[in-house]
Amino acid sequence: MKSTTSVTRLESKNLKSLQSKKGREEHGQFLVSGVRLLEEAHHHRFNPVEVYVCENEMTDRGLSLAGRFAALDIPVKTVTTRDLESFADTTTPQGIAALFSLPECKLSEQILGNIRRILVCENIADPGNLGTLMRSALAFGFKGIVSCGATAELWSPKVVRASAGSIFGLTVMQTDIKPLLDAFSSQRISLVAADLRGEDISRVRLPESRNRGIALAVGSESDGLTTPILTSASLRVRIRHASGVESLNAAVAGSILMSRFYEVDNKA
C-alpha cells in the first residue's frame, strides 16, 4: 500500500472540518469511516480520493479492503489512532476512513429520463428516515433519489450511515419542486403520490415502469406532500392499516409502497 506515517496538521484540520455541513460544502468533500460502509462504496465502484488506516486497530477484513483500494491506485495513508479518531465521523471508525469528492447533485433531465423508478423525498428532514428510504430504494429497484424541500443533507454522515452504504449505488439529485415537475412532464414520467386521502394501494392498478419512468413521492410524516406535488400526481395512494394508528413513519410507508411497485414490475 502507498502510505505515509501521518497526515499533516493542515490535512487533519481540513478533515475535521468535514464533520460540518459548512466544511463539506466548502471543500466539496465528505468523509466516511467503517469497514461495512467502505465495502459498499467499493462494491458500487464509488471510489474515494484517499484512504486512512490505523493498522493496529484493523481487522483482516479491513486490511483486505484497504489493499483493494490500493490496487486501484488510491493513496492509502497510515495514521495514528489519535489522528483517525479526531477526524472520523464516528467514535468507532474500525481503523479505516476514506475521503470522497461530493458528487454533482443538481437535477439532470437526461439522467432522470434514463431511470425507470425514482423516489422523490419531500421534506424528509430526519437523516435516519432518509437513509432508510435510500436503503429500501436500492432493494426495490428505485435507482434514482430526488430530494426537495427541507429534506436532510444527502451526503451527511448520518444519512450515509443510515443508508448502510446504499447511497453509493444510487443516483441522487436535489432540486426545487417546479423544475422537478417540469422534468417529469418533459420526460413523460408518471408521478404517484403517497397521500393519506389517496386510494388504497392494494385495490388500484399500479403503473408498470417497463415502458416509462415511474416516480413515487413521499413527504414528511407530520405534513405529508405539498400541494404542487399532490395536484401534479396521476395517482395518489395510501396504505391500509388499523384505524387506531394515525399514520406510518415516512420511511416505513415509503418502503412498503416501493415494495408494491417492485412486485408489479417483477410479477411472474
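This text goes with the structure placed above it.
Residues numbered from 1 in each chain as written. Predicted model: local features only at pLDDT ≥ 70, side-chain atom pairs only at ≥ 80, totals over all residues. Heavy atoms only, no water.

Asks: Can you lay out the packing of aromatic side chains for me, pointing to particular residues and giving the numbers?
Replies: Two descriptors summarise a pair of aromatic rings, namely the distance from one centre to the other and the angle between the planes of the rings. Applying the stated criterion to the full structure yields 11 aromatic pairs. Here Tyr 52 and Phe 87 contribute two aromatic rings whose centre-to-centre distance is 5.5 Å and whose plane-to-plane angle is 70°, an arrangement assigned as edge-to-face. With Tyr 52 in strand 2 (residues 50–53) and Phe 87 in helix 5 (residues 81–87), the pair connects residues that are 35 residues apart, well separated along the chain. Feature note: the residues Phe 30, Phe 46, Phe 100, Trp 155 and Phe 168 constitute an aromatic cluster, connected by ring pairs. (Phe/Tyr/Trp six-rings, centres within 6.5 Å; stacked < 30°, edge-to-face > 60°. Helix = DSSP H or I, 4+ residues; strand = E, 2+ residues; numbered from the N terminus.)

Asks: Residue-level account of helix 9 (residues 177–186), with values.
Replies: Within helix 9, the full set of buried residues consists of Ile 177, Leu 180, Leu 181, Ala 183 and Phe 184. For helix 9, the angular spread of the buried residues around the axis is 155°, confining them to a single face. Structural note: helix 9 exposes Lys 178 and Ser 185 on the side pointing more than 90 degrees away from its buried face. Buried positions along helix 9 lie against helix 6 (109–113), strand 5 (117–122), strand 6 (144–148), strand 8 (190–200), strand 9 (214–218) and helix 10 (227–232). Looking at the residues trailing helix 9, positive phi occurs at Arg 188, about 55°. (Buried < 20%, exposed > 50% of the residue type's maximum accessible area, 1.4 Å probe, protein only. Arc of directions from axis to C-beta. Contact = heavy atoms within 4.5 Å.)

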